[in-house]
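This is what each chain is made of:
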Amino acid sequence: MSKPEKIDLTDADWSEKLTPEQYHVLREKGTERAFTGQLLNNKADGIYECAACGNPLFKSDTKFDSGSGWPSFFEPYSKDSVVLKMDKSFGMVRTEVECARCGGHLGHVFHDGPQPTGERYCMNSISLNFKAEE
(Lines give C-alpha, C1' and ligand atoms only; values in the text may rest on other atoms or scores of the structure.)
Protein backbone atom coordinates (compact mmCIF):
# COMPACT_ATOMS: atom_id res chain seq x y z
CA MET A 1 0.00 0.00 0.00
CA SER A 2 1.33 3.44 -0.89
CA LYS A 3 1.27 6.48 1.35
CA PRO A 4 -2.22 7.99 1.60
CA GLU A 5 -2.78 11.37 -0.03
CA LYS A 6 -2.87 14.03 2.68
CA ILE A 7 -6.14 15.78 3.54
CA ASP A 8 -5.82 19.31 4.89
CA LEU A 9 -9.07 20.96 5.99
CA THR A 10 -9.67 24.03 8.11
CA ASP A 11 -10.97 23.71 11.67
CA ALA A 12 -14.32 25.04 10.41
CA ASP A 13 -14.45 22.32 7.73
CA TRP A 14 -13.65 19.61 10.28
CA SER A 15 -16.26 21.04 12.64
CA GLU A 16 -18.91 20.68 9.92
CA LYS A 17 -17.79 17.17 8.92
CA LEU A 18 -17.50 15.62 12.40
CA THR A 19 -19.82 15.32 15.38
CA PRO A 20 -18.82 17.48 18.37
CA GLU A 21 -17.52 14.35 20.16
CA GLN A 22 -15.49 13.24 17.13
CA TYR A 23 -14.11 16.75 16.70
CA HIS A 24 -13.01 16.85 20.34
CA VAL A 25 -11.07 13.58 20.07
CA LEU A 26 -9.81 13.72 16.48
CA ARG A 27 -8.94 17.43 16.22
CA GLU A 28 -8.43 18.53 19.85
CA LYS A 29 -6.67 15.33 21.00
CA GLY A 30 -9.38 14.40 23.49
CA THR A 31 -10.09 10.93 24.87
CA GLU A 32 -13.33 9.03 25.24
CA ARG A 33 -14.04 7.46 28.62
CA ALA A 34 -12.77 3.90 29.06
CA PHE A 35 -15.24 1.08 28.38
CA THR A 36 -17.73 3.40 26.59
CA GLY A 37 -16.65 3.07 22.94
CA GLN A 38 -18.95 1.32 20.47
CA LEU A 39 -16.13 -0.69 18.88
CA LEU A 40 -14.54 -1.96 22.11
CA ASN A 41 -16.24 -5.36 21.96
CA ASN A 42 -16.57 -5.65 18.17
CA LYS A 43 -15.35 -9.07 17.06
CA ALA A 44 -16.43 -9.00 13.40
CA ASP A 45 -13.96 -9.40 10.55
CA GLY A 46 -13.10 -6.27 8.61
CA ILE A 47 -11.11 -3.06 8.54
CA TYR A 48 -11.02 -0.20 11.05
CA GLU A 49 -10.82 3.13 9.22
CA CYS A 50 -10.30 6.72 10.31
CA ALA A 51 -13.71 8.22 11.17
CA ALA A 52 -12.59 11.57 9.72
CA CYS A 53 -11.18 10.53 6.34
CA GLY A 54 -11.70 6.78 5.72
CA ASN A 55 -7.99 5.90 5.74
CA PRO A 56 -7.53 2.16 6.55
CA LEU A 57 -5.88 1.96 9.99
CA PHE A 58 -6.16 -1.56 11.45
CA LYS A 59 -7.25 -5.06 10.39
CA SER A 60 -9.63 -6.96 12.67
CA ASP A 61 -7.19 -9.87 12.98
CA THR A 62 -4.76 -7.57 14.82
CA LYS A 63 -7.36 -6.54 17.47
CA PHE A 64 -7.09 -7.99 20.96
CA ASP A 65 -8.68 -7.51 24.38
CA SER A 66 -6.13 -5.50 26.35
CA GLY A 67 -8.45 -4.91 29.32
CA SER A 68 -7.70 -1.18 28.99
CA GLY A 69 -11.23 -0.12 28.02
CA TRP A 70 -10.29 0.98 24.50
CA PRO A 71 -10.03 -1.03 21.26
CA SER A 72 -6.45 -2.30 21.04
CA PHE A 73 -4.43 -3.59 18.10
CA PHE A 74 -0.91 -5.03 17.85
CA GLU A 75 -0.05 -3.43 14.49
CA PRO A 76 -1.42 -0.88 12.01
CA TYR A 77 -2.94 -1.74 8.62
CA SER A 78 0.34 -0.70 6.98
CA LYS A 79 3.46 1.21 8.02
CA ASP A 80 2.06 4.22 6.14
CA SER A 81 -1.40 4.19 7.82
CA VAL A 82 -0.42 6.02 10.99
CA VAL A 83 2.12 8.57 12.20
CA LEU A 84 3.70 8.36 15.66
CA LYS A 85 4.52 11.53 17.61
CA MET A 86 5.91 12.27 21.06
CA ASP A 87 3.19 13.44 23.46
CA LYS A 88 4.32 15.20 26.66
CA SER A 89 0.84 16.22 27.82
CA PHE A 90 -0.44 15.63 31.37
CA GLY A 91 3.09 15.34 32.78
CA MET A 92 3.74 12.04 30.95
CA VAL A 93 5.77 11.04 27.93
CA ARG A 94 3.72 8.86 25.58
CA THR A 95 3.63 8.07 21.87
CA GLU A 96 0.59 9.55 20.16
CA VAL A 97 -0.92 7.82 17.13
CA GLU A 98 -2.34 10.02 14.34
CA CYS A 99 -3.97 9.17 11.04
CA ALA A 100 -1.32 9.56 8.34
CA ARG A 101 -3.90 10.96 5.91
CA CYS A 102 -5.70 13.67 7.91
CA GLY A 103 -3.64 14.03 11.10
CA GLY A 104 -6.58 13.04 13.30
CA HIS A 105 -5.76 11.94 16.87
CA LEU A 106 -6.49 8.23 17.28
CA GLY A 107 -4.95 7.33 20.63
CA HIS A 108 -1.55 6.15 21.90
CA VAL A 109 0.77 3.18 21.41
CA PHE A 110 2.43 1.36 24.30
CA HIS A 111 5.10 -1.34 24.38
CA ASP A 112 3.15 -3.85 26.47
CA GLY A 113 1.14 -5.65 23.77
CA PRO A 114 1.15 -9.26 22.59
CA GLN A 115 3.53 -10.88 20.13
CA PRO A 116 4.42 -10.75 17.32
CA THR A 117 5.00 -6.98 17.75
CA GLY A 118 4.76 -6.37 21.51
CA GLU A 119 2.81 -3.18 20.70
CA ARG A 120 -0.60 -2.04 22.01
CA TYR A 121 -2.22 0.57 19.81
CA CYS A 122 -4.86 1.83 22.23
CA MET A 123 -7.43 3.68 20.10
CA ASN A 124 -10.54 5.76 20.72
CA SER A 125 -13.61 4.06 19.20
CA ILE A 126 -14.97 7.46 18.21
CA SER A 127 -11.88 7.98 16.01
CA LEU A 128 -12.68 4.80 14.08
CA ASN A 129 -15.27 3.49 11.66
CA PHE A 130 -15.60 -0.26 11.08
CA LYS A 131 -16.05 -1.65 7.59
CA ALA A 132 -17.18 -5.27 7.84
CA GLU A 133 -15.74 -7.86 5.50
CA GLU A 134 -18.20 -8.89 2.81
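Conventions and cut-offs
Residues numbered from 1 in each chain as written. Predicted model: local features only at pLDDT ≥ 70, side-chain atom pairs only at ≥ 80, totals over all residues. Heavy atoms only, no water. Buried < 20%, exposed > 50% of the residue type's maximum accessible area, 1.4 Å probe, protein only. Helix = DSSP H or I, 4+ residues; strand = E, 2+ residues; numbered from the N terminus. Contact = heavy atoms within 4.5 Å. Pairing = 2+ DSSP bridges. 1 Å grid on protein atoms, 1.4 Å probe; cavity = no way out; pocket = protein on both sides within 12 Å on 5 of 7 lines; lining within 4 Å. Points joined across faces, edges and corners; volume = space filled by probe spheres on them. Nonpolar A, V, L, I, M, F, W, Y, C, P; charged D, E, K, R; others polar. Salt bridge = Lys/Arg side-chain N within 4 Å of Asp/Glu carboxyl O.

### Overview of helix 2 (residues 20-28)
In an α-helix, one turn spans 3.6 residues; hence positions three or four apart end up facing the same way.
Move 1: Within the sequence span of helix 2, burial applies to Gln22, Tyr23, Val25 and Leu26.
Move 2: Those residues of helix 2 that are buried are in contact with helix 1 (11-17) and strand 7 (105-110).
Move 3: Trailing helix 2 by a residue or two, Lys29 shows a phi angle of about 60°, which is positive.

### Digging into the pairing of strand 5 (residues 82-87)
Move 1: Where strand 5 meets strand 6 (residues 94-99), 6 bridges bridge the pair, whose relative direction is antiparallel. What sits directly across from Met86, in strand 6, is Thr95.
Move 2: Connecting strand 5 to the antiparallel partner strand 6 that follows it, the hairpin turn spans 6 residues, and Phe90 within it adopts a positive phi of roughly 60°.

### A short note on the layout of surface pockets
Rolled over the atoms, a probe with the dimensions of a water molecule shows which regions are left empty.
Move 1: The computed volume of the largest pocket comes to approximately 250 Å³.
Move 2: What lines the largest pocket is a set of 17 residues, among which Thr31, Arg94, His105, Gly107 and His108 lie closest to the centre.
Move 3: Contributions of two or more residues to the lining of the largest pocket are made by strand 6, strand 7 and strand 8 (120-123).
Move 4: Residue contributions to the lining of the largest pocket peak at 4 residues, all from strand 7.
Move 5: Split into classes, the residues belonging to the lining of the largest pocket amount to 5 nonpolar, 7 polar and 5 charged.

### Details of the pattern of salt bridges
Move 1: Summed over the entire model, instances satisfying the criterion amount to 6 salt bridges.
Move 2: Its salt-bridge partner being Lys29, residue Glu98 comes within 2.9 Å of it at the nearest N-O pair. Placement of the pair is Glu98 in strand 6 and Lys29 in the loop between helix 2 and strand 1 (46-50), with a sequence separation of 69 residues.
Move 3: Judged by its relative accessible area of 43%, Lys29 is partly exposed.
Move 4: Taking the relative accessible area as the measure of exposure, Glu98 reaches 7% and is therefore buried.
Move 5: Where salt bridges share partners, they join Lys29, Lys85, Glu96 and Glu98 into one cluster.

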